[in-house]
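Residue strings, one per chain:
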Amino acid sequence: ISMAVNVSFPQVADANFADEVLRALAESEMPHEFLELELTETTVIKDEQITMNNLTQLLNAGVKIALDDFGTGFSSLSHLSDLPISGIKLDRAFVSPLADECAQAHIAAAMVGLAKQLGLETTAEGVEDIRCMEKIKQLGCDRVQGYYFSRPLALEDLLLCAEEDH
């Protein structure tokens, strides 16, 4: 089971960020490839060099890095080529209306296609029903999350579900 953790650009701009993440992984004996940091784009990138160094160090160590809520906020297409990332998460604003064949559906299809061409993993958030799930599968999205699968769970409940699935 992988774990995704939201982090903001100001957090990543801290000179000690990558070292602290790697130290926490070592202390918990968690393999690096099971951690995904989801960059929330609530502000512009500050201390760009430190941010880039931290992201590159973590990506090289096997930690996955994704742009969260891609397509909203301060996200930019230039982030796809400028930042060392392994994937994007399509915001629910583009995913939830997929079954309606509206403008958002076409934008989501274009984002998935572009991410694929760039070799980035795609995650769709906000998949809430079977129609949306079928559409996102047709687009070739790598991963999905949403109420279609589960409402948010407390850790204890998540562990029980994981044990039942094995």
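The rules we used
- Residues numbered from 1 in each chain as written.
- Predicted model: local features only at pLDDT ≥ 70, side-chain atom pairs only at ≥ 80, totals over all residues.
- Heavy atoms only, no water.
- Salt bridge = Lys/Arg side-chain N within 4 Å of Asp/Glu carboxyl O.
- Helix = DSSP H or I, 4+ residues; strand = E, 2+ residues; numbered from the N terminus.
- Buried < 20%, exposed > 50% of the residue type's maximum accessible area, 1.4 Å probe, protein only.
- Pairing = 2+ DSSP bridges.
- Axes fitted to C-alpha atoms, helices over the stretch in contact; angles between N-to-C directions.
- Patch = residues over 30% accessible without salt bridge, like charges linked within 9 Å, V, L, I, M, F, W, Y side chains within 5 Å.
- Areas by Shrake-Rupley, 256 points an atom, 1.4 Å probe, with all protein chains shown as cover.
- Phe/Tyr/Trp six-rings, centres within 6.5 Å; stacked < 30°, edge-to-face > 60°.
- Lys NZ or Arg CZ within 6 Å of the ring centre and 35° of its normal.

(A) Looking closely at the pattern of salt bridges. For the coordinates displayed, the defined rule picks out seven salt bridges. For arginine 143, the salt bridge is made with glutamate 36, and the minimal N-O distance between the two is 2.7 Å. With arginine 143 in strand 6 (residues 143-145) and glutamate 36 in strand 2 (residues 35-40), this pair connects stretches of sequence that are 107 residues apart. Arginine 143 sits in the partly exposed class, given a relative accessible area of 26%. Here the salt bridges share partners, and the residues they tie into one network are Glu38, Asp68, Lys89 and Glu125.

(B) Spotlight on the sheet that holds strand 2. The six strands lie next to each other as 1-2-3-4-5-6, forming an open sheet whose pairing is parallel. Edge strands, defined here as strands with exactly one partner in the open sheet, are strand 1 (3-8) and strand 6. Averaged over all pairs of adjacent strands, the angle between strand axes in this sheet comes to 25°, irrespective of strand direction. In this structure, strand 1 lies alongside strand 2, joined through six bridges in parallel fashion. Of the residues in strand 2, the one forming a bridge with alanine 4 is glutamate 36.

(C) Seen up close, a nonpolar patch on the surface. Together, Leu153, Leu155, Leu158 and Leu159 line one region of the surface with nonpolar side chains, adding up to about 370 Å² of accessible area. Secondary-structure assignment places leucine 153 in the loop between strand 6 and helix 8 (155-165).

(D) Representation of the packing of aromatic side chains. For the structure shown, the criterion picks out one aromatic pair. Here the aromatic rings of tyrosine 148 and phenylalanine 149 are separated by 5.0 Å at their centres, their planes lie at 80°, and the arrangement is edge-to-face. Tyrosine 148 sits in the partly exposed class, given a relative accessible area of 35%. For the cation-ring pair, arginine 151 lies above tyrosine 147, with the distance from its terminal atom to the ring centre recorded as 3.8 Å.

(E) A look at unusual backbone geometry. For glutamate 29, which is not glycine, the phi torsion reads 55° and is therefore positive. Locating glutamate 29 in the fold gives a position in the loop between helix 2 (17-28) and strand 2. The class of glutamate 29 is exposed, set by a relative accessible area of 71%. The backbone of aspartate 69 sits at a positive phi, close to 50°, despite the residue not being glycine. Summarising the element assignment, aspartate 69 is placed in strand 3 (residues 64-70). By relative accessible area, aspartate 69 is classed as partly exposed at 25%.

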